[in-house]
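As a plain string of letters, each chain reads:
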Amino acid sequence: MIYHDPGTASHSDHSTLVVQRDDVSSIVSSVHDIEFAEKGRRNDYYGDGSDDVKEPVPKVKETCPSDMDRFLVLFEENDPENPFNWSGTRRWFISAVAAFLIFNATFASSLPAGVLQQMETHFNFSGEVGALVLSLFVLGFAVGPILWGPLSEHYGRRPISLYSFPLFIGTQIGCALSPNTASILIFRFLGGVFSAASLTNSGGIMSDIFDGSARGRALAGFTLAPFAGPSMAPLVSGWMNVAGVSWRWVFWLQTIVAGAALILVVFALPETFKPILLVRKAERRRKQTGDGRWWAPLEKQRVSFLRRVKDIVTRPFQMLVGEPMLLAITLYMSFVYGVIYLLFEAYPIVFTIGHHFNSGVSGLMFLPIPIGGTVACVLYVVYFDPIYQVAVKEHHPHHPPPEHRLHNSLYASLILPIAFFWFAWTSYPSVSFWAPMMAGFPLGMGTVLLYLGLFNYIIDTYLASAASALAATVIVRSFFGAGFPLFANQMYDKLSPRWASTLLAFISVVMAPIPFVLRKYGPALRRRSRTRINDV
């Protein structure tokens, strides 16, 4: 393994490293090693996150670096090429672009909701097949990361976005021109697969440009995008339907939005993946000096692409099975995510059928959800994050225990059942539509606050294994998001809107203790974890 030795640092243009001679392969086997070496967090690092790592890796005694070691290219201190050292304005702009890419994907996922009746009439398919038009796109979110995750680690964030977006645009054109039911369903699924590159890449971009102390504030606005997109899309397509616009123009509109996102990718999204940036730095060093011995770790990476695919497919599920703590968090987040997509079937029953609204006005009923999410983001920045920053100062130079990330999730777990009960027992046609409509406000607020806390908790808990842990949550929640709309109509028809929503409320009550249990027993649970990285 490697670490910086201040006592031997030279004044040359590269960092001097203390290296164990027979462990060069370990240098190039893990990008995480480099990151922790650069930050001087050697004592916090417990290996590459594999299940067989149980104890801290001891520091290596000082030895003379070999020629290979001396020509290893890393970021120097305050290196302007390191994304962490880019200006705040540039990093926040990039984060805004990344959030828009996610908004584009999630907006597309529910955009047909307002014109499903048109499509059912045109293609003569049932309401269940109409639900598939929404569900298959979200199912693509579960499949896509299996492809885009390893590709982004081989080629970087930018190339994946550059190549996936034209393919995504092609699927939207395919939807707009679809002659039959089979083609629309196939193109919707492929659209989800290709747009999932944004979900995979954007999260990576955020971790590339923000360190742990700033990550919470950065994720506040970033977390809103996955929920604002699907909540606002039915409003747009609903009014297009009321205006008499053909359902095909809904997909032409999405083509235009995706085209705008592609322009941003081409002109405003730089490469942020540090291993790729180090490869470019090594290439320049070799060209400038004429010395071919300069090298970057990724250039000697021994993990094949197929091995990465295998790890990405199998490791998240291995962690889910072996980590009860992660399984509980994933089920909670997935349930809430599934409910968001279930509402695309439930709201028309309550508002279109119950209150006799047209599809445009019914789309307006979704607005309190993103408004509540926006308020949650502001609340996090002005209230919850300052509380966390106090903990950062108290534990300096170490990092606060991950449980400090759960403060806002405690409130969210209480808000969500209130939102579900509120929506359930105000959904009578005889009750003013304002009552069930405004239940969306605490739903949006609780959802964003919950995700902000649990996302950060997963990252702080698993550190080097966080990518696999987060992949598990993305895959499972996408299955929930795809599955929930498929039984929503039957559930609300059989149970009535009151009792169907009450069932959701009771499930949220059962799950509400999860953040409280993690807050109290998290340290003990992390010490028992097979893949633990941070057991502070």
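Per chain, residue numbering runs from 1 following the sequence as it is written. pLDDT decides what is reported in this predicted model: residues at 70 or higher carry local features, side-chain atom pairs at 80 or more are listed and counted, and totals for whole chains, interfaces and linings draw on all residues regardless. Only hydrogens and water are set aside; all other atoms, that is, all heavy atoms of the structure, feed into the side-chain values.

An unreviewed UniProt entry lists the chain under the name Major facilitator superfamily (MFS) profile domain-containing protein, with Somion occarium given as the organism.

## Concerning the overall build of the chain
The line we're drawing: Each helix corresponds to a stretch of at least 4 residues labelled H or I by DSSP, and each strand to a stretch of at least 2 residues labelled E; elements are numbered beginning at the N terminus. Every residue pair with non-hydrogen atoms within 4.5 Å of one another is taken to be in contact. Accessible areas in this description were obtained via Shrake-Rupley with a 1.4 Å probe; residue shielding takes into account the shown protein chains only.
Looking only at helices and strands, the chain features 20 helices and two strands. Here the contacts in the chain between residues at least 6 apart in sequence split such that 81% fall between residues at least 24 apart. For the chain, the accessible area works out to roughly 21700 Å², and carbon and sulfur atoms hold 66% of it.

## Some remarks on the packing of helix α13 (residues 324-353) against helix α18 (residues 440-462)
Rules: To define axes, lines are fitted to C-alpha atoms, for helices over the stretch in contact only, and angles between the resulting N-to-C directions are given on a 0 to 180 degree scale. For this classification, under 35 degrees means roughly parallel, over 145 means roughly antiparallel, 65 to 115 means roughly perpendicular, and everything else is oblique. Handedness of a helix crossing follows the sense of rotation of the near helix relative to the far helix, less than a right angle counterclockwise being left-handed and clockwise being right-handed.
In contact at an axis separation of 11 Å, α13 and α18 are set at 155° when each is read in the N-to-C sense. Taken as axis vectors, α13 and α18 run roughly antiparallel relative to one another. Both α13 and α18 take part in a crossing whose hand is left-handed. Residues Met 325, Leu 326, Ile 329, Tyr 332, Met 333, Ser 334, Val 336, Tyr 337, Ile 340, Leu 343 and Tyr 347 of α13 pack against Gly 440, Leu 443, Thr 447, Leu 450, Tyr 451, Leu 454, Phe 455, Tyr 457, Ile 458, Thr 461 and Tyr 462 of α18.

## Side note on the confidence of the model for the chain
Applicable threshold: Values of pLDDT, the confidence the predictor places in each residue, fall between 0 and 100.
Per-residue confidence for the chain gives a mean pLDDT of 83, with 85% of residues at or over 70. In this model, residues 1-64 is a region of pLDDT below 50 whose contacts with residues beyond four sequence positions or in other chains number 123 contacts.

## A short note on helix α10 (residues 248-268)
Where we set the bar: To estimate the expected span of a helix, subtract one from its residue number and multiply by 1.5 Å. Only protein chains enter the calculation, and the probe is 1.4 Å; a residue is then buried if its accessible area is under 20% of its type maximum, exposed if over 50%, and partly exposed in between.
With 21 residues, α10 ought to run about 30 Å at 1.5 Å a step, and its terminal C-alpha atoms sit 30 Å apart, in line with that. Residues of α10 that are buried: Val 250, Phe 251, Gln 254, Thr 255, Val 257, Ala 258, Ala 261, Leu 262, Val 265 and Ala 268. Looking at the buried side of α10, the elements it contacts are α4 (88-110), α5 (116-123), α7 (157-176), α8 (181-209) and α9 (212-242).

## A word on the nonpolar core
Under the convention used in this document: We define a nonpolar core as any set of buried Ala, Val, Leu, Ile, Met, Phe, Trp, Tyr and Cys residues linked to one another through side-chain atoms lying within 4.5 Å.
With 129 residues, the main nonpolar core has Met 119, Phe 141 and Tyr 492 as its most contacted residues. The dominant element in this core, judged by the number of residues it contributes, is α13, at 19 residues. Apart from the residues lying within four places of it in its own chain, the contact partners of Phe 141 are Ala 105, Ser 109, Gly 192, Ser 195, Ala 196, Leu 199, Tyr 337, Tyr 341, Val 474 and Ser 478. Counting residues in hydrophobic clusters, the runner-up holds 15 residues, among them Leu 277, Val 279, Ala 282 and Trp 294.

## Regarding α18
Under the 1.5 Å per step criterion, the end-to-end length of α18 is 33 Å for 23 residues, consistent within 8% with the ideal 33 Å. The element α18 is extensively covered by neighbouring structure, given that 22 of its 23 residues are classed as buried.

## Details of the packing of aromatic side chains
To keep it simple, the criterion reads: Note on aromatic contacts: the rings of Phe and Tyr and the six-membered ring of Trp form a pair at centre separations within 6.5 Å, being stacked when their planes are under 30 degrees apart, edge-to-face when over 60 apart, and tilted otherwise. Cation placement over rings: the criterion is NZ of Lys or CZ of Arg within 6 Å of the ring centroid and within 35° of the ring normal.
Under the counting rule described, the total for this entry stands at 31 aromatic pairs. Ring pairs connect the aromatic residues Phe 227, Tyr 337, Tyr 341, Phe 344, Tyr 347, Phe 351, Phe 366, Phe 423, Tyr 451 and Phe 455, which therefore count as one cluster. For the cation-ring pair, Arg 405 lies above Tyr 388, with the distance from its terminal atom to the ring centre recorded as 3.8 Å. In this structure, Arg 477 packs its charged tip against the face of Tyr 337, placed 4.9 Å from the ring centre.

## Overview of empty space enclosed by the protein
Quick reminder of the rule: Residues are called lining when one of their atoms sits within 4 Å of a cavity or pocket point, these points coming from a 1 Å grid over the protein atoms alone, where a cavity is a set in which a 1.4 Å probe fits but cannot get out and a pocket is an open set with protein on both sides within 12 Å along at least five of seven lines. Grid points are joined across faces, edges and corners, and a volume is the space filled by probe spheres set on the points. We call Asp, Glu, Lys and Arg charged. Ala, Val, Leu, Ile, Met, Phe, Trp, Tyr, Cys and Pro are nonpolar, and the rest, Gly among them, are polar.
Within this structure, the stated rule accounts for four cavities of 30 Å³ or more. Approximately 70 Å³ is the volume attributed to the largest cavity. Along its surface, the largest cavity is lined by Val 339, Leu 343, Tyr 347, Ala 419, Phe 420, Phe 423, Ala 439, Gly 440, Leu 443, Tyr 492, Ser 501 and Leu 504. Counting only elements with at least two residues in the lining of the largest cavity, the list comes to α13, α16 (407-424), α18 and α19 (466-511). Residue classes in the lining of the largest cavity are distributed as ten nonpolar, two polar and no charged. Estimates place the volume of the second largest cavity at around 60 Å³. Every residue along the wall of the second largest cavity is listed here: Tyr 380, Phe 384, Ile 387, Tyr 388, His 404, Arg 405, His 407 and Asn 408.

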